[in-house]
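Listed here are the chains, written in short residue letters.
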Amino acid sequence: MNDCKYGYSTLGNVMRLSLLRSPKAPDDNADMGTHKFTYAIMPHEGTFQEAGVIKEAYNLNHPLQIIATHFAGFSQSFFSVSSPAIILETIKMVEENCTSAIVVRLYEAFGSHSSTELRCGVPVKAFQRCNLLEEPIGPLTEFQECITLQFTPFEVTSLLLHL
């Protein structure tokens, strides 16, 4: 696992990680200077899915940040998914035309057909699928207790959640 490097490969029992590319064109100064990076080796038995490699890679790239507040002892989960194969990648405000909606973007990470339940700890009234430009592409559906979603291998799904 690494936090920023784009070149890695494995062949047999050899693993390689390219730390710098250092091209000279079109920029003679590309990749010059001091570089800082993090990498980790996670030996495991079984498949990467069983070992939780994706979760550990996210933990490496996005370490937990502790922020002091006046809400001592308070904890809340705003969103959760029921399947470890589904990653909730993005939670953001809608870019245009609506101030009372948020976008959630999820993807299937194991390369399999999967289903999940998305649970929301915020007051969602309705939801609908949208494209990557946040344009609605599905019917507006009243929110119940959770949203059940089906995924094909590596599928990305975006939802508009109307608050």
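Reading the values: rules and limits
- Residues numbered from 1 in each chain as written.
- Predicted model: local features only at pLDDT ≥ 70, side-chain atom pairs only at ≥ 80, totals over all residues.
- Heavy atoms only, no water.
- Patch = residues over 30% accessible without salt bridge, like charges linked within 9 Å, V, L, I, M, F, W, Y side chains within 5 Å.
- Areas by Shrake-Rupley, 256 points an atom, 1.4 Å probe, with all protein chains shown as cover.
- Salt bridge = Lys/Arg side-chain N within 4 Å of Asp/Glu carboxyl O.
- Helix = DSSP H or I, 4+ residues; strand = E, 2+ residues; numbered from the N terminus.
- Polar contact = N/O pair within 3.5 Å; in protein donor to acceptor, adjacent residues only side chain to side chain.
- Contact = heavy atoms within 4.5 Å.
- pLDDT = per-residue confidence, 0-100.
- Core = buried A, V, L, I, M, F, W, Y, C linked by side-chain atoms within 4.5 Å.
- Buried < 20%, exposed > 50% of the residue type's maximum accessible area, 1.4 Å probe, protein only.

Before we go on, may I ask you to explain a nonpolar patch on the surface in this structure?
Together, Y8, L17, L19, L20 and Y39 give the surface a local cluster of nonpolar side chains, amounting to about 510 Å² of exposed area. Along the chain, L20 falls in the loop between β2 (14–18) and α1 (48–51).

Please clarify how the side chain of E134 should be interpreted in this entry.
Within the element layout of this structure, E134 appears in the loop between β7 (126–130) and β8 (141–142). For E134, the side chain forms a polar contact with the main-chain nitrogen of E95, separated by 2.8 Å. Those residues in contact with E134 that sit more than four places away from it in its chain are K92, V94, E95, V103 and L160.

What is the right way to look at the confidence of the model for the chain in this model?
Atomic detail in the predicted coordinates should be set aside for any region of low pLDDT. Per-residue confidence for the chain gives a mean pLDDT of 87, with 98% of residues at or over 70. Across the chain, the secondary-structure element scoring lowest on mean pLDDT is strand β1 (residues 7–11), at 84, and the one scoring highest is strand β9 (residues 147–151), at 96.

Would you mind going over the nonpolar core with me for this structure?
As a rule of thumb, nonpolar side chains are buried together in soluble globular proteins. Residues L106, L118, I147, L159 and L161 are the most contacted members of the largest nonpolar core, which totals 15 residues. Mapped by element, the contributors of at least two residues to this core are β5 (101–108), β6 (114–120), β9 and β10 (156–162). With residues up to four places along the chain from it excluded, the contact list for I147 reads T116, E117, L118, F127, L159 and L161.

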